[in-house]
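# A closer look at the structure
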Amino acid sequence: MYYIWESIKISLTIITENKLRSFLTLLGIMIGVTTIIFVHSVLVGAEKFIVQELSSLGSNTIYISKYSWGNNDWKKERKRKSLSIENADFIRNNSNLLEYVSPFISSLCHVKYGSKQLTYISLVGTTESYEYTSDSSPSSGRFFSSAEVDRGSNIVILGNQIADVMFGNIDPVGQYIKLNGRNFYIIGVLEKKGELFGSNMDEQVIVPITTLKKYFSYSLRGGVNISAKAKYPTRMNETMDNITSLLRVNRGLKPDEENDFSVNQISQILDFLNKITGGLQILLFVIGSLSLLVGGIGIMNIMLVSVTQRTKEIGTRKALGATKNLILIQFVIESVILCSFGGFAGIIAGFSVAALISSFTPLPYSISLVSMIIGVGFSTLVGIVFGFYPANKAAKLNPINALRYE
Amino acid sequence: MEENLIKIENIRKTYTPGKEKIHALDGISLDIKKGEYIAIMGASGSGKSTLMNIIGCLDVATSGKYYLNKHNVESLNDNELATIRNKEIGFVFQTFNLLARSTALHNVELPLIYSKVSSSQRKERSIAALKKVGLGDRMMHKPNELSGGQKQRVAVARALINDPSIILADEPTGNLDSKTSIDIMNLFNELHEEGNTIIVVTHEPDIAEFAKRVIHLKDGKIEQDYLNGLVTK
């Protein structure tokens, strides 16, 4: 410990005396660590972001639609026959593994209250159980009832932000609002939900699916999606198989025909996501390692120069009683300090770049302890590995020759 | 009868740089008592540097025996030699060999770092050593801010700091003008009078005159070994 502290002091003097040289030397390490920290930070941030978004959907929720998630066969799937409300009813009536099944149609409409107007607002037509399948509980008022769905009443539930913008401090429940010019009675306002994949979940209005069919017939082109909540979260696979076989029957598919619908689950997206980020992590590791390797060679080079320049100093130290090991420690420490400076600079630079990028993209970044440890750890390791050879060279110098060196 | 501080018996050192063997030291035997002041003289190639390196434990002899303060130097490994150099020998070099980046104080402290003395004690002892060589007001100066004579005084303070058995000076005045040389040699005289054992390697007869005993080397052998009859100035 005693020597380590002394060696650190000596190294700091030498490093600060050759500022430019030290800086250029540690630049390589810095770039390597910056790469690792930056990419890791963005990847972790993005993953966190997506997982957070998805968690608002609920893990035992199943989505049935024309398109499958995490698949790129979009062109083929486009030709599939749309799902129908009848499909949803069939699943609901024949599966005992599902708690709720709600068909829904997504569309757009214009919303007007007094002189305030919002255009192209997301409009959802659905049934009463959508409250549970989409975790859309009202913060004031209520969701609609099955009777209201059957009747096709002119009632609406507002997203939190719409209520805010249109009504401010007034309670919207009990007021009338115009959707595409037609009066709707407001029965509830949803809790704040935030964003999901860039679309604002608080900027939507929900009406009974029957009402949507009646007054917003243009919406039917998009087809029906079905969201369902499984009764037993531990039996998700079984539940999904059950839905698949029911739908095949209901849609009259022959045994040799492929499914013309997709049963999706959040975990599918997560799996897909993990595949992508896993690949990116490996890529990042390779790039980071390469630049650390290059940086390490730079360190080794400069340490060799340093040993040569200080041959006489090494000789003097040996004459005054420094053992081989002490000389070795001194030079390895110098290399490690140089590298860890690079590592710290890289951590700061990496997070800065990540923060900068996240400031004008929706991607968040994450300052994780793990990546800091990786950054410092790797740069220290590089310091030890690439500093060892020059340090050993210094340690093995013959004191007589070293003293005579000019 | 005083005990021998250094006992050298029939030491040989041979190098084989090319095809032929070179006998740098060809059977040297030498006893040095505590408190002696010795000058080792000789032309270049006489073997005086090789002898100094062996006495200074920087090198080991090819054959023969060397006892320094009862340590059998021949049997020591590299680390033990380093410890002996640290504790028993104070080096003074022709080119001063101070660490350019460090203050006079830190340069003097250096041997104490290698003998694990605590930093407060190190400082205390180094200040005392620098005052002793007359540099109490130059402690925080770096070597490039000091004159040649002052640099060599720092080196002498560094040599003294660990209270060594011998002070080994290799051409200590080689890079100094004649006036400064005399100053430095007077400093060695003082140290000698205080009871230190001093060995000066030099090729200048004027410098050798300061010593009490002169050993002349020629072709790796002791040619003459006599006491200086002249009274030091």
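Residues numbered from 1 in each chain as written. Chains lettered and ligands numbered in written order. Predicted model: local features only at pLDDT ≥ 70, side-chain atom pairs only at ≥ 80, totals over all residues. Heavy atoms only, no water.

### Some remarks on helix H5 (residues 148-160) of chain B
Taking 1.5 Å per residue, 13 residues should reach 18 Å; H5 of chain B reaches 18 Å between its end C-alpha atoms and fits that length. H5 of chain B sits mainly inside the fold: 10 of its 13 residues count as buried. Every buried residue belonging to H5 of chain B is among Gly149, Gln150, Gln152, Val154, Ala155, Val156, Ala157, Arg158, Ala159 and Leu160 of chain B, and all of these are buried. If you follow the buried residues of H5 of chain B, they end up packed against helix H11 (311-319) of chain A together with strand S6 (89-92), helix H3 (104-114), helix H4 (119-132), strand S7 (166-170) and helix H6 (178-193) of chain B. (Helix = DSSP H or I, 4+ residues; strand = E, 2+ residues; numbered from the N terminus. Expected span 1.5 Å × (residues − 1). Buried < 20%, exposed > 50% of the residue type's maximum accessible area, 1.4 Å probe, protein only. Contact = heavy atoms within 4.5 Å.)

### Some thoughts on the packing of aromatic side chains
Residue and element names in this part refer to chain A. As enumerated under the stated definition, the model contains 9 aromatic pairs over all chains in all. Pairing Phe104 with Tyr130 gives two aromatic rings, centres 5.5 Å apart and planes at 50 degrees, and the pair type is tilted. You can see Phe104 sitting in strand S2 (residues 98-113) and its partner Tyr130 sitting in helix H5 (residues 130-133), a full 26 residues away along the chain. When its relative accessible area of 11% is taken as the criterion, Phe104 is described as buried. Taking the centre distance of 6.1 Å and the plane angle of 35 degrees together, the rings of Phe184 and Phe216 count as tilted. Of this pair, Phe184 sits in strand S7 (residues 182-190) while Phe216 sits in the loop between helix H8 (209-215) and strand S11 (225-230); the two residues are 32 residues apart in sequence, bridging distant segments of the chain. The buried category is assigned to Phe184, whose relative accessible area is 0%. Each member of the aromatic cluster is reached from another via a ring pair, and the members are Phe184, Tyr215, Phe216 and Tyr218. The ring centre of Tyr232 lies 4.8 Å from the NZ or CZ of Arg235, which sits over that ring. (Phe/Tyr/Trp six-rings, centres within 6.5 Å; stacked < 30°, edge-to-face > 60°. Lys NZ or Arg CZ within 6 Å of the ring centre and 35° of its normal.)

### As for the interface of chain A and chain B
Each partner contributes residues to the interface: chain A has 25 residues there, and chain B has 25 residues. Around 2300 Å² of area is buried between chain A and chain B when both sides are counted, 57% of it from carbon and sulfur atoms. Three residues, Tyr2, Leu320 and Ile400 of chain A, lead the burial of chain A against chain B; their summed loss comes to 27% of the area buried on that side. On the surface where chain A and chain B come into contact, there are 2 salt bridges. In this structure, the salt-bridge partner of Lys324 of chain A is Asp78 of chain B, at a minimum N-O distance of 3.2 Å. At the boundary of chain A and chain B, one finds 7 residue pairs in polar contact (both at pLDDT 80 or more). Put simply, the parts of the chain that give the side of chain A that touches chain B at least two residues each are helix H1 (2-17), H11, helix H12 (324-359) and helix H14 (399-404) of chain A. Along the lines of polarity and charge, the residues of the side of chain A that touches chain B split into 10 nonpolar, 4 polar and 11 charged. (Buried area = accessible area lost by both parts, 1.4 Å probe. Salt bridge = Lys/Arg side-chain N within 4 Å of Asp/Glu carboxyl O. Polar contact = N/O pair within 3.5 Å; in protein donor to acceptor, adjacent residues only side chain to side chain. Nonpolar A, V, L, I, M, F, W, Y, C, P; charged D, E, K, R; others polar.)

### Digging into the confidence of the model for chain A
Model confidence for chain A is summarised by a mean pLDDT of 87, while 96% of its residues fall at 70 or above. Per-element mean pLDDT across chain A ranges from 68 in strand S8 (residues 195-196) of chain A up to 95 in strand S5 (residues 155-158) of chain A. (pLDDT = per-residue confidence, 0-100.)

### Concerning unusual backbone geometry
With the exception of glycine, most residues fall at negative phi, and the peptide bonds are largely trans. Residues and elements named next belong to chain B. Positive phi values are uncommon outside glycine, yet Cys57 reaches one of about 60 degrees. Relative to the elements of secondary structure, Cys57 occurs in the loop between helix H1 (48-55) and strand S4 (63-68). The class of Cys57 is buried, set by a relative accessible area of 0%. In this structure, Lys116 is a non-glycine residue whose phi angle is positive, near 60 degrees. In this structure, Lys116 sits in the loop between H3 and H4.

### Examining the sheet that holds strand S8 (residues 197-202) of chain B
Residue and element names in this part refer to chain B. Taken in spatial order, the 6 strands of this open sheet run S6-S7-S8-S3-S9-S10, and their pairing is mixed. Looking at the sheet topology across the chains shown, the edges are occupied by S6 and strand S10 (221-227). Strand-to-strand twist across the sheet, computed as the mean angle between neighbouring axes with direction ignored, equals 20 degrees. Against the sheet, H5 engages S6 and S7, with an angle of about 170 degrees to S6. (Pairing = 2+ DSSP bridges. Axes fitted to C-alpha atoms, helices over the stretch in contact; angles between N-to-C directions.)

### Quick notes on the sheet that holds strand S2 (residues 22-33) of chain B
Residue and element names in this part refer to chain B. Pairing within the open sheet is antiparallel, and its 4 strands lie in the order S2-S1-S4-S5. The open sheet has two free edges, formed respectively by S2 and strand S5 (71-72), since each of these has just one partner strand. By the bridge criterion, 9 bridges tie strand S1 (residues 4-15) to S2 in an arrangement that is antiparallel. The residue of S2 that forms the bridge with Lys7 is Asp31. Here H1 sits on the sheet and contacts S1, S2 and S4; the angle it forms with S1, its principal contact strand, is near 125 degrees.

### Re the environment of Val332 of chain A
Residue and element names in this part refer to chain A. With respect to the secondary-structure elements, Val332 resides in helix H12. Sequence-wise, Val332 and Phe49 are 283 residues apart; in three dimensions their C-alpha atoms are separated by 42 Å. Among residues more than four places away in sequence, those in contact with Val332 are Ile384, Gly387, Phe388 and Ala391.

### Some points on the side chain of Thr50 of chain B
Among the secondary structure elements, Thr50 of chain B is positioned in helix H1. Contact partners of Thr50 of chain B, with chain neighbours within four places excluded, come to Lys13, Tyr15, Ala24 and Leu25 of chain B.

### Quick notes on the pattern of salt bridges
Scanning the model with the defined rule gives 22 salt bridges over all chains in all. In this structure, Asp26 of chain B and Arg12 of chain B form a salt bridge, with 2.6 Å as the shortest nitrogen-oxygen distance. Placement of Asp26 of chain B in strand S2 and of Arg12 of chain B in strand S1 is noted, with a sequence separation of 14 residues between them. Between Asp137 of chain B and Arg138 of chain B there is a salt bridge, with its nearest N and O atoms 3.5 Å apart. Salt bridges sharing partners connect three or more residues here, namely Arg310, Glu313, Arg317 and Glu334 of chain A together with Arg101 of chain B.

### As for the packing of helix H10 (residues 266-309) of chain A against helix H13 (residues 369-395) of chain A
Residue and element names in this part refer to chain A. Orientation of H10 relative to H13, taken along the N-to-C sense of each, is 30 degrees, at an axis distance of 9 Å. Classified by the angle between their axes, H10 and H13 sit roughly parallel to one another. The handedness of the crossing between H10 and H13 comes out as right-handed. On H13, the residues that touch Phe285, Leu292, Leu293, Gly296, Ile297, Met300, Met303, Leu304 and Val307 of H10 are Phe378, Val382, Phe386, Tyr389, Pro390, Lys393 and Ala394. (Parallel < 35°, antiparallel > 145°, perpendicular 65-115°, else oblique. Left-handed = near helix turned anticlockwise from the far one by under 90°.)

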